[in-house]
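Coordinates in review
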Amino acid sequence: MPAGQTQATMSLPNEAYLLPESIPMWPPAWWTWLILALLLLLIGAFVFYRYRRYKKRAYRREALNAITKAPTDLSDKECILLCHEMIRRCFISENKIEMAALPSSALLEKIDLTMPKKYQFSLLGNAFFDGPYRSKVELTPEQRSAMIKTTSYWIRKHHA
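Residues numbered from 1 in each chain as written. Predicted model: local features only at pLDDT ≥ 70, side-chain atom pairs only at ≥ 80, totals over all residues. Heavy atoms only, no water.

Structural notes on the overall build of the protein
- Looking only at helices and strands, one finds 7 helices and 0 strands in the protein.
- Reading the helices (α) and strands (β) of the protein from amino to carboxyl end gives α-α-α-α-α-α-α.
- Relative to its 160 residues, the protein shows a buried fraction of 28%.
- Across the protein, the fraction of contacts at a sequence separation of at least 24, relative to all contacts at a separation of at least 6, is 61%.
- For the protein, the computed accessible surface area is about 12,500 Å², with 62% contributed by carbon and sulfur atoms. (Helix = DSSP H or I, 4+ residues; strand = E, 2+ residues; numbered from the N terminus. Buried < 20%, exposed > 50% of the residue type's maximum accessible area, 1.4 Å probe, protein only. Contact = heavy atoms within 4.5 Å. Areas by Shrake-Rupley, 256 points an atom, 1.4 Å probe, with all protein chains shown as cover.)

Re a nonpolar patch on the surface
- Taken together, the side chains of Trp26, Trp33, Leu36, Leu39, Leu40, Ile43, Phe46, Val47 and Tyr49 make up a nonpolar region of the molecular surface, amounting to roughly 1,000 Å² of accessible area.
- Within the secondary structure, leucine 39 sits in helix α1 (residues 30-56).
- Judged by its relative accessible area of 46%, leucine 39 is partly exposed. (Patch = residues over 30% accessible without salt bridge, like charges linked within 9 Å, V, L, I, M, F, W, Y side chains within 5 Å. Salt bridge = Lys/Arg side-chain N within 4 Å of Asp/Glu carboxyl O.)

A look at the pattern of salt bridges
- Taken as a whole and assessed by the stated rule, the structure comprises 5 salt bridges.
- Note that arginine 134 and aspartate 130 form a salt bridge whose closest N and O atoms lie 4.0 Å from each other.

Section: the packing of aromatic side chains
- Considering all chains together, one arrives at 4 aromatic pairs under this definition.
- The interplanar angle of 5° and the centroid separation of 5.4 Å between the aromatic rings of phenylalanine 121 and phenylalanine 128 together place this pair among those described as stacked. The exposure classification of phenylalanine 121 matches that of phenylalanine 128, with both residues buried. (Phe/Tyr/Trp six-rings, centres within 6.5 Å; stacked < 30°, edge-to-face > 60°.)

Regarding helix α5 (residues 104-112)
- Turning to α5, its buried residues number three or more, namely Ser104, Leu107, Leu108, Ile111 and Asp112. Down the axis of α5, the smallest arc covering the buried residues is 135°, so these residues share one side. (Arc of directions from axis to C-beta.)

Let's talk about the packing of helix α2 (residues 58-68) against helix α7 (residues 141-157)
- Where α2 meets α7, the closest approach of the two axes is 9 Å, and the angle between their N-to-C directions is 170°. As judged from the angle between their axes, α2 and α7 are roughly antiparallel. Residues Arg60, Ala63, Leu64, Ile67 and Thr68 of α2 touch α7, and the partners they reach there are Ile148, Thr151, Ser152, Ile155, Arg156 and Lys157. (Axes fitted to C-alpha atoms, helices over the stretch in contact; angles between N-to-C directions. Parallel < 35°, antiparallel > 145°, perpendicular 65-115°, else oblique.)

Keep in mind these values describe shape, not function.
Written as structure tokens, this is what we have:
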């Protein structure tokens, strides 16, 4: 190109078909904020529900801790009394005072109606039902562990 001449700009023949600049991702659409707020609300409600459930079931943790951490030097009668007491405390914590006031045999029969066959208190024998009322009770180690296992299962699985 000789000096003094300027270069002419060249125009494309199909300018109408060229794509526009890319659309920016920010700020998002108005409904994005609505979905985000709803999601945060649902997460907050779930956390609140789990916290209330955790607080409401504190009596179960305390009862299980008392049974599983019971000293091994407890007599058989004291161990039976501890199991009966934890069952009654669970009912009192649930405001089922009428159930807690029932005699042991009637109470345990009602509980057995809601328990699976494997974990029924009736399988523990008369020593568990009549133990608190006898002057001397002797249990085998298997009976004692079955009694603690069954009581612990009921505490974990009963419905308030």
